[in-house]
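Listed below, chain by chain, are the residues.
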Amino acid sequence: MAVRVTQVAGSLAKSQRSNLERKVGATISSYFDAAFLSGKYPRTDFSGAFASFTRGAARKAQRDRGLLTNAALGRSTEAVTAKQKRVSLSVLAPKRSAAGVTALIRLVYVADQAEAGSTKVTISGRLLLTRKQSSGWVIFGYDVARSAVPRSGKATR
Amino acid sequence: MNATPWRRRLQLARQVTVLAIVLAVTTLVVPPSTVREAPASLVKVESASEVDHQPHVLWILFLGSDARPGEPVLRSRADAIQLVGVNTSSGAATAIGIPRDSYVNVPGYGQNKINSSMLYGGPQLMARSVGELVGIRPDYVFTTGFVGFIAMVKDIGGITVNSKFSFTDAVMPGGYDVGKNKLNGLQALIFARIRTSLPRGDFDRSANQQRTLLGILNRVRSNADRPGFVERGVLSVLENLDTNLSPAELFRLAQAAIRISPSKFRTCVLDGGVGYAGAASVVFPDIAQARRIR
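In what follows, the accompanying structure is described. (Residues numbered from 1 in each chain as written. Chains lettered and ligands numbered in written order. Predicted model: local features only at pLDDT ≥ 70, side-chain atom pairs only at ≥ 80, totals over all residues. Heavy atoms only, no water.)

1. Here we look at the overall build of chain A
Assigned secondary structure in chain A consists of 4 helices and 5 strands. Written out in order from the N terminus, the α and β elements of chain A read β-α-α-α-α-β-β-β-β. The C-alpha atoms of chain A give a radius of gyration of 16 Å, which matches the 15 Å a tight globule of 157 residues would have. Summarising its shape, the C-alpha atoms of chain A cover approximately 55 × 30 × 20 Å along the three principal directions. Residues counted as buried form 53% of the 157 residues belonging to chain A. Considering only residue pairs separated by 6 or more positions, chain A has 62% of its internal contacts joining residues 24 or more positions apart. Of the roughly 7,000 Å² that chain A leaves accessible, carbon and sulfur atoms contribute 45%. Averaging the locations of the 27 positively and 8 negatively charged side chains of chain A gives two centres separated by 11 Å. (Helix = DSSP H or I, 4+ residues; strand = E, 2+ residues; numbered from the N terminus. Rg over C-alpha atoms; globule rule 2.2 N^0.38 Å. Buried < 20%, exposed > 50% of the residue type's maximum accessible area, 1.4 Å probe, protein only. Contact = heavy atoms within 4.5 Å. Areas by Shrake-Rupley, 256 points an atom, 1.4 Å probe, with all protein chains shown as cover. Lys, Arg positive; Asp, Glu negative; His and termini not counted. Charge placed at Lys NZ, Arg CZ, Asp CG, Glu CD.)

Structure follows, in structure tokens:
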């Protein structure tokens, strides 16, 4: 996955930027995997999709799971292939320390559906992140759009 | 004018024929694809947007200190006192403007103008005085001085306010007009501070402060999609306002506040009677209204 710091409000050393790209990248990558790319397809269980979210954000995201996961196609999908994973980070870094990040995301994947052919899906928008109390980063907000997909079944979880 | 029905029928028949030919050619020329994706301009996009902020309902006290150069911002009287309630789930907000000359109980100091609370005990005492008056203790307090406010408005590229009155000031060539006014930092400061040119003085000034807050909200919302804009705005707040929030908390609060819809931004100014306490001109606030509007 291509992750780049593109905007910094404040200041960050070069090594801190690399470290941030790696850590925020890991959080977003694990969301992409859990919600879209991994799991055994055909798939109806997306309950673990929001492990990278704060508890409150995960609750809200569950209500939007039809859009924030591959639930709309999961039942009729045999395999998912990522075509593009791109993330640009805008960082709030007062006192030379990253405190908040807006991640501009773009995920493109193809869902292979045996009889119906394949469907190309684009997920784009923003994920909002802050530091976890332990280590790493957590998603506390989202503003995400998805290209429309045909409805083939609902996620059960 | 007298287009005969057969002419219309002929025209319709021609259109149907052309459409049929186009469809037939398309079917023959365009090969079947295993990946179904409409052209970008035709792709219907669905979206979802949420921000997790606890608590969902929070009260923020915005204070504008009238500290002169060399005076401490946090220990000078407050010119602007706005208590803003935000519901981060519904995107609604209510601003309660409190005239600075409101004569109230300042905890530990007796009856006095509410803005003297800053002088005696800084933003914390100010928050307690406002809390006693309205019946709500603010969760967060933001305090800024003249220089910080001007810098902050400048950092977000100026604001547009909707003025109810026209009035003149040297900083605004042509004066402030009724309706929309695009303001730089200094012009925004004067708009929020001036009162002698306004019919109801302190009350109208408080309403102008709310229009200024709305102008800031509109400006930030309309630029929130620009990469780095929100982060730069939060950094500007950290540099120019005194706050009891950590940078991470402020970032989360800012992201939640951006969701406030200007159409759901309600305002009111605490009313009261103008009179004297000793030699001082004061406002005797309508306590019953203060408790009702929360």
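2. A word on the packing of helix 4 (residues 185–193) of chain B against helix 5 (residues 201–223) of chain B
Residues and elements named next belong to chain B. Where helix 4 contacts helix 5, the axes come no closer than 7 Å and their chain directions differ by 145°. Contact residues: helix 4 offers Phe191, Ala192 and Arg193, while helix 5 offers Arg205, Asn208, Gln209, Arg211 and Thr212. In terms of residue class, the contact of helix 4 with helix 5 is made up of 2 nonpolar, 3 polar and 3 charged. (Axes fitted to C-alpha atoms, helices over the stretch in contact; angles between N-to-C directions. Nonpolar A, V, L, I, M, F, W, Y, C, P; charged D, E, K, R; others polar.)

3. A look at a nonpolar patch on the surface
The grouping of B:Tyr109, B:Leu119 and B:Tyr120 at the surface amounts to a nonpolar patch, some 270 Å² of accessible area in total. Tracing the sequence through the fold places B:Tyr109 in the loop between strand 6 (103–106) and strand 7 (110–113). (Patch = residues over 30% accessible without salt bridge, like charges linked within 9 Å, V, L, I, M, F, W, Y side chains within 5 Å. Salt bridge = Lys/Arg side-chain N within 4 Å of Asp/Glu carboxyl O.)

4. What to know about the layout of surface pockets
Quantified by volume, the largest pocket comes out at close to 210 Å³. Counting residues per element, the ones that place at least two in the lining of the largest pocket are strand 4 (117–131) of chain A together with helix 7 (247–257) of chain B. A per-element tally of the lining of the largest pocket places helix 7 of chain B first, with 3 residues. (1 Å grid on protein atoms, 1.4 Å probe; cavity = no way out; pocket = protein on both sides within 12 Å on 5 of 7 lines; lining within 4 Å. Points joined across faces, edges and corners; volume = space filled by probe spheres on them.)

5. Details of the pattern of salt bridges
Inspection of the entire model under this criterion finds 15 salt bridges over all chains. The salt bridge involving A:Asp143 is made with A:Arg126; its shortest N-O contact spans 2.8 Å. Of this pair, A:Asp143 sits in strand 5 (residues 137–147) while A:Arg126 sits in strand 4; the two residues are 17 residues apart in sequence, bridging distant segments of the chain. Assessed through its relative accessible area of 13%, A:Arg126 is described here as buried. Across the pair B:Arg193 and B:Asp79 runs a salt bridge whose closest N-O atoms are separated by 2.6 Å. Remark: B:Asp79 occurs in strand 4 (residues 78–87) and B:Arg193 occurs in helix 4; sequence separation between them is 114 residues. Looking at B:Asp79, the relative accessible area reads 6%, which means it is buried.

6. Structural notes on empty space enclosed by the protein
Summed over the entire model, instances satisfying the criterion amount to 3 cavities of 30 Å³ or more. The volume enclosed by the largest cavity comes to roughly 910 Å³. Lining the largest cavity we find 40 residues, and of these B:Phe62, B:Met152, B:Leu213, B:Ile216 and B:Leu241 sit closest to its centre. When contributions to the lining of the largest cavity are tallied by element, the ones reaching two or more residues are strand 3 (57–65), strand 4, strand 8 (140–144), helix 3 (146–155), helix 4, helix 5, helix 6 (229–240) and helix 7 of chain B. In the lining of the largest cavity, the residues fall into 30 nonpolar, 8 polar and 2 charged. What the second largest cavity holds in volume is close to 90 Å³. Lining the second largest cavity are 15 residues, and of these A:Ser90, A:Thr102, B:Arg226, B:Pro227 and B:Gly228 lie nearest its centre. Tallied by class, residues from the lining of the second largest cavity come to 6 nonpolar, 5 polar and 4 charged.

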